[in-house]
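One-letter residues, chain by chain:
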Amino acid sequence: MKTRVNELLGIKYPIIQGGMAWVAEYHLAAAVSNAGGLGIIGAGGAPAEFVREQIRKAKEVTNQPFGVNIMLMNPEADAIAKVIVDEGVKVVTTGAGNPAKYMEMWKAAGVKVIPVIASVAMAKMMERGGADAVVAEGMESGGHIGSTTTMALVPQVADAVSIPVIAAGGIADGRGVAAAFMLGAEGVQMGTRFVVAKESIVHSNYKERLIKARDIDSEVTGMSTGHPIRVLRNQMSRQYLKLEKEGAGLEELEQLTLGSLRKAVMEGDVVNGSVMAGQIAGLVKKEQTCQEIIDELVSETEELFGRDMLGNS
Ligand code: TUI
């Protein structure tokens, strides 16, 4: 499993943990980095100083490279962009917007920049702007999504850019990793599988709900507002969809979602909270350490490739 992504990021395996709001704090990020992947601290909606503390804490528990994800709708995005430079973070990923205005500052500081994109046009724009790689995220992902599937998006992005493409959305085992490579990706980013990692601090109710999820338990709210969010169906998603149907304002709906992610992750309110997870949740069956998850992914993927490449299937 050696690709340009390993080299770019200085990591053993081209497996990246998604920078999930509230979920991806320093314990999880450091555990993934220590296991040979790239852990990412998700800034989500947090203030810049909170992100700075998270970075400092991560450095105390890992000497491996790790990254920070900036959710660009965060009102403190400008300040977080600077914190990343100040604290000497090696890799930044961005989500839910266009990071063009920070690119020059990050490149000058030697930060590797990997925007998460959901379209070919955005991938090309990011490459022109100096991105080192892109994460092509399909609509199977949890949380804020685009409208194209991983299966369709990844090969189109891989053909359109020459920087490495990292696939995300719907990947949770070695079959998914191998499939992503077949589509032209040189790495994968996974969120859902890491939500239930032993090192993940999410409430046990959230983990249990995810482990219990079936293939058909996934739902997208906010389709009509231009901010589609994938969650596991519950009272909250039903209420949201009802309000949406009745024509509630964007602000009212956004507030409902943002506040309720925290409620689910921190307080374990999986009834009224927003349980963000990808469509692959049904495949995620147990809590494991990050090391176990990564070792299993690597051995499954290598077995698939070995068998396929030798023609022994
Ligand atoms: O960002 C994500 N996933 C997220 S962010 C998030 S936190 C949140 N919580 C409540 C409400 C809103 C957000 C939860 N999940 N994934 C990366 C991603 N980025 N997916 C899609 C995009 C994207 C969309 C539009 C990237 C660029 C883009 O460009 C639009 C433009 O032209 O600015």
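Reading guide: rules and limits
Residues numbered from 1 in each chain as written. Predicted model: local features only at pLDDT ≥ 70, side-chain atom pairs only at ≥ 80, totals over all residues. Heavy atoms only, no water. Axes fitted to C-alpha atoms, helices over the stretch in contact; angles between N-to-C directions. Helix = DSSP H or I, 4+ residues; strand = E, 2+ residues; numbered from the N terminus. Left-handed = near helix turned anticlockwise from the far one by under 90°. Contact = heavy atoms within 4.5 Å. Nonpolar A, V, L, I, M, F, W, Y, C, P; charged D, E, K, R; others polar. Salt bridge = Lys/Arg side-chain N within 4 Å of Asp/Glu carboxyl O. Buried < 20%, exposed > 50% of the residue type's maximum accessible area, 1.4 Å probe, protein only. Domains from an automatic or database assignment. Buried area = accessible area lost by both parts, 1.4 Å probe. Phe/Tyr/Trp six-rings, centres within 6.5 Å; stacked < 30°, edge-to-face > 60°. Lys NZ or Arg CZ within 6 Å of the ring centre and 35° of its normal.

**Student:** Where do I start with the packing of helix α2 (residues 26–34) against helix α3 (residues 48–61) in this structure?
**Tutor:** Helix packing for two helices is described by the angle between their axes and how far apart those axes are. The geometry of α2 relative to α3 is characterised by a closest axis approach of 9 Å and an angle of 40° between their N-to-C directions. Along this stretch, α2 crosses α3, giving a crossing that reads as right-handed. Taken together, the residues of α3 that come into contact with α2 (itself represented by Y26, A30 and N34) are Q54, K57, A58 and V61. Across the contact of α2 with α3, the residue classes tally to 4 nonpolar, 2 polar and 1 charged.

**Student:** Would you take a moment to explain the pattern of salt bridges for this structure?
**Tutor:** Side-chain pairing between opposite charges can occur once the charged atoms of the two side chains come close. According to the stated counting rule, one finds 16 salt bridges in the structure shown. Residue D78 is joined to K101 by a salt bridge in which the shortest nitrogen-to-oxygen separation is 3.1 Å. You can see D78 sitting in helix α4 (residues 77–86) and its partner K101 sitting in helix α5 (residues 100–108), a full 23 residues away along the chain. Relative accessible area serves as the criterion here: at 37%, D78 is assigned to the partly exposed category. Under the relative-accessibility criterion, K101 is labelled exposed at 61%. The salt bridge partner of K207 is E287, with a shortest N-O separation of 2.8 Å. One end of the pair, K207, is in helix α10 (residues 204–212); the other, E287, is in the loop between α12 (250–267) and α13 (290–310), and 80 residues separate them in sequence. Owing to a relative accessible area of 8%, K207 belongs among the buried residues under this scheme. Assessed through its relative accessible area of 36%, E287 is described here as partly exposed. One connected set of salt bridges, linked through shared partners, spans E49, R52, R56, K59, D86 and E87.

**Student:** Looking at this model, I keep getting lost on the domain arrangement of the protein chain. Mind explaining?
**Tutor:** Accessible area lost upon the coming together of the parts serves often as the stated size of an interface. We note that the domain assignment places domain 1 (4–201 + 285–305) and domain 2 (214–276) within the protein chain. Each of domain 1 and domain 2 was reduced to a C-alpha centroid, and the two centroids are 23 Å apart. The partner domain 2 presents 10 residues to the 11 residues of domain 1 that form the contact. Summed over both partners, the interface of domain 1 with domain 2 buries about 1,000 Å², with 71% contributed by carbon and sulfur atoms. Taken as a group, W22, G143 and I145 account for 48% of the area that domain 1 buries against domain 2, more than any other trio of residues on that side.

**Student:** I'm lost on the packing of aromatic side chains in this one. Help?
**Tutor:** Centre distance and the angle of the planes are the two values used to describe a pair of aromatic rings. By the definition in use, this model includes 2 aromatic pairs. Each ring, one from Y102 and one from W106, has its centre 5.3 Å from the other, and the planes form 40°; the classification is tilted. Taken together, the residues Y102 and W106, both in helix α5 and 4 residues apart, mark about one turn of the helix. Neither Y102 nor W106 differs from the other in exposure class; each is buried. With centroids separated by 5.9 Å and ring planes inclined at 15°, the aromatic side chains of F181 and F305 adopt a geometry described as stacked. Of this pair, F181 sits in helix α8 (residues 174–182) while F305 sits in helix α13; the two residues are 124 residues apart in sequence, bridging distant segments of the chain. Accessibility assignment for this pair places F181 and F305 in one class, buried. When the ring centre of W22 is taken as origin, the NZ or CZ atom of R262, which lies over that ring, is 5.8 Å away.

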